[in-house]
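Summary of the model geometry
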Amino acid sequence: MKRLLSTLVVLTIVGMANGQKTRVIEEGGLGQYKAIMKEEPSLKEHTVIVPQDLTPFGPGHRLPVLVWGNGACSNSPFEHIKFLNEIASHGYIVVATGFIPMTDEWYRGPMSKSEQQIESIDWVIAQNADEKSPYYNKIDTQNICVAGMSCGGLQTLFNCADSRITLLMICNSGLFNQQNAGSAVGGMPMPPKEKLQEIHTPIMYMLGGEEDIAYGNGMDDFHRISHVPACAINFPVGHGGTYSQPHGGEFSIAALAWLDWQMKGDLEAAKMFKGANCGLLKREGWKIEKNALFE
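Residues numbered from 1 in each chain as written. Predicted model: local features only at pLDDT ≥ 70, side-chain atom pairs only at ≥ 80, totals over all residues. Heavy atoms only, no water.

This part takes up the packing of helix H2 (residues 81-88) against helix H6 (residues 249-264). Taken N-terminus to C-terminus, the directions of H2 and H6 make an angle of 35°; their axes are 10 Å apart at the nearest point. For the pair H2 and H6, the crossing hand works out as right-handed. Contacts between H2 and H6 involve Phe83, Glu86 and Ile87 from the first element and Phe251, Ser252, Ala255, Leu256 and Leu259 from the second. When the residues that make up the contact of H2 with H6 are grouped by side-chain class, the tally is six nonpolar, one polar and one charged. (Axes fitted to C-alpha atoms, helices over the stretch in contact; angles between N-to-C directions. Helix = DSSP H or I, 4+ residues; strand = E, 2+ residues; numbered from the N terminus. Left-handed = near helix turned anticlockwise from the far one by under 90°. Contact = heavy atoms within 4.5 Å. Nonpolar A, V, L, I, M, F, W, Y, C, P; charged D, E, K, R; others polar.)

Inspection of every chain in the model, using the stated rule, returns 14 aromatic pairs. The interplanar angle of 20° and the centroid separation of 5.8 Å between the aromatic rings of Trp261 and Phe273 together place this pair among those described as stacked. Remark: Phe273 occurs in the loop between helix H7 (267-270) and strand S11 (287-290) and Trp261 occurs in helix H6; sequence separation between them is twelve residues. Summarising the burial analysis for this pair, Trp261 and Phe273 share the class buried. Grouped by ring-pair contacts, the aromatic residues Trp68, Phe83, Phe235, Tyr243, Phe251 and Trp286 constitute a single cluster. (Phe/Tyr/Trp six-rings, centres within 6.5 Å; stacked < 30°, edge-to-face > 60°. Buried < 20%, exposed > 50% of the residue type's maximum accessible area, 1.4 Å probe, protein only.)

Attention now goes to the environment of Ile233. If you trace the backbone, Ile233 turns up in strand S10 (residues 230-234). Relative accessible area serves as the criterion here: at 0%, Ile233 is assigned to the buried category. In this structure, the C-alpha to C-alpha distance between Ile233 and Gly209, residues 24 residues apart in sequence, is 8.5 Å. Each residue touching Ile233, except ones within four places of it in the same chain, is listed here: Met204, Tyr205, Met206, Leu207, Ala254, Phe273, Leu280, Trp286, Lys287 and Ile288.

With five of its six residues buried, strand S3 (residues 35-40) lies for the most part within the structure. Two elements, strand S2 (residues 20-25) and S3, share two bridges in a ladder whose sense is antiparallel. Considered in S3, the bridge of Arg23 is made with Met37. Here S3 runs beside strand S4 (residues 43-51); their pairing, made up of five bridges, is antiparallel. From the neighbouring strand, Ala35 faces S4, where its bridge partner is Pro51. Between S3 and S4, which follow one another and run antiparallel, lie two residues. (Pairing = 2+ DSSP bridges.)

What tends to happen in soluble globular proteins is that the nonpolar side chains get buried as a cluster. In this structure, Phe83, Met169, Met206, Ile233, Trp258 and Phe273 are the most contacted members of the largest nonpolar core, which totals 45 residues. Tallying contributions element by element places H6 first for this core, with nine residues. Residue contacts for Trp258: discarding those within four places in its chain leaves Leu167, Leu168, Met169, Pro202, Ile203, Met204, Cys231, Phe273 and Phe294. Counting residues in each nonpolar core, the second largest holds 42 residues, with Leu54, Ile121, Tyr135 and Ile199 among its members. (Core = buried A, V, L, I, M, F, W, Y, C linked by side-chain atoms within 4.5 Å.)

Turning our attention to H6. Look at H6: 22 Å from first C-alpha to last across 16 residues, which is about the 22 Å you get at 1.5 Å a residue. Counting buried positions along H6 gives 13 out of 16 residues, so the element sits mostly inside the fold. After H6 finishes, the residue Gly265 shows a positive phi value of roughly 70°. (Expected span 1.5 Å × (residues − 1).)

Of note, Ala72 is a non-glycine position whose phi angle comes to about 60°, a positive value. Summarising the element assignment, Ala72 is placed in the loop between strand S5 (63-69) and H2. With relative accessibility at 54%, the residue Ala72 sits in the exposed group. The backbone of Ser150 shows a phi angle near 55°, a positive value even though the residue is not glycine. Residue placement: Ser150 occurs in the loop between strand S7 (139-149) and helix H4 (151-158).

Let's shift gears to the confidence of the model for the protein. Atomic detail in the predicted coordinates should be set aside for any region of low pLDDT. Mean pLDDT over the protein stands at 93; residues scoring 70 or higher make up 91%. In this model, residues 1-11 is a region of pLDDT below 50 whose contacts with residues beyond four sequence positions or in other chains number five contacts. (pLDDT = per-residue confidence, 0-100.)

Below, the structure written as structure tokens:
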């Protein structure tokens, strides 16, 4: 019991710095840059996850951006913090929609809105330009990935035309069509399939296999996209993905490879997706499909 309690203390540390709520999860992640989750007074109803030590970052070594929308239109990223924390620990600034989850309890407040992702983009650009900000000249505003799970994926597609977005990642999600729109949860954004034509960046769909309730919608989206590079990857875990597993499980491995390749130019990470016998297929359970523009 003592060992269990001490482990729990190490894995999650909550605190308050200068009136700012903070939380360290899973010892800051497995990456080179141990991460911290925090609220930012200048960005209400959002959670920022970022390396604890920002001194390694600056001109020539900036933090690419991941903007995140939550499943169930939750206004807190409580379900995805291990996944997002792991990404941040590899040298990213993550800006997630919603209030910082200081405990592991479910969020039960009002739903989030698609516009919060745009607020996230506005904020990182402003912070990077503000000489008084701790993020001044440390954010790579030329590399902004917008992503989300389930409802968060719909919010991402709702916002996909924003010219500042350079990459998309749609997780356990896809646009509804007329035949199944009635099964959507009330309050979700419901762009028509024609919205896909507004995508102007590479896009990856990350789904939970045929047992994922969003599989049909997501794969239908993918098969309609022919004007930008697109891929669809599947891991057979259903709609819930692996976000709650230690360090985000297999989903964080695939997501990091996608982000590292597309936003950092990491050619080793590219091998996870490129070629007939790509690295993803060497990992048990994964499947991948690519459109004609992908490679």
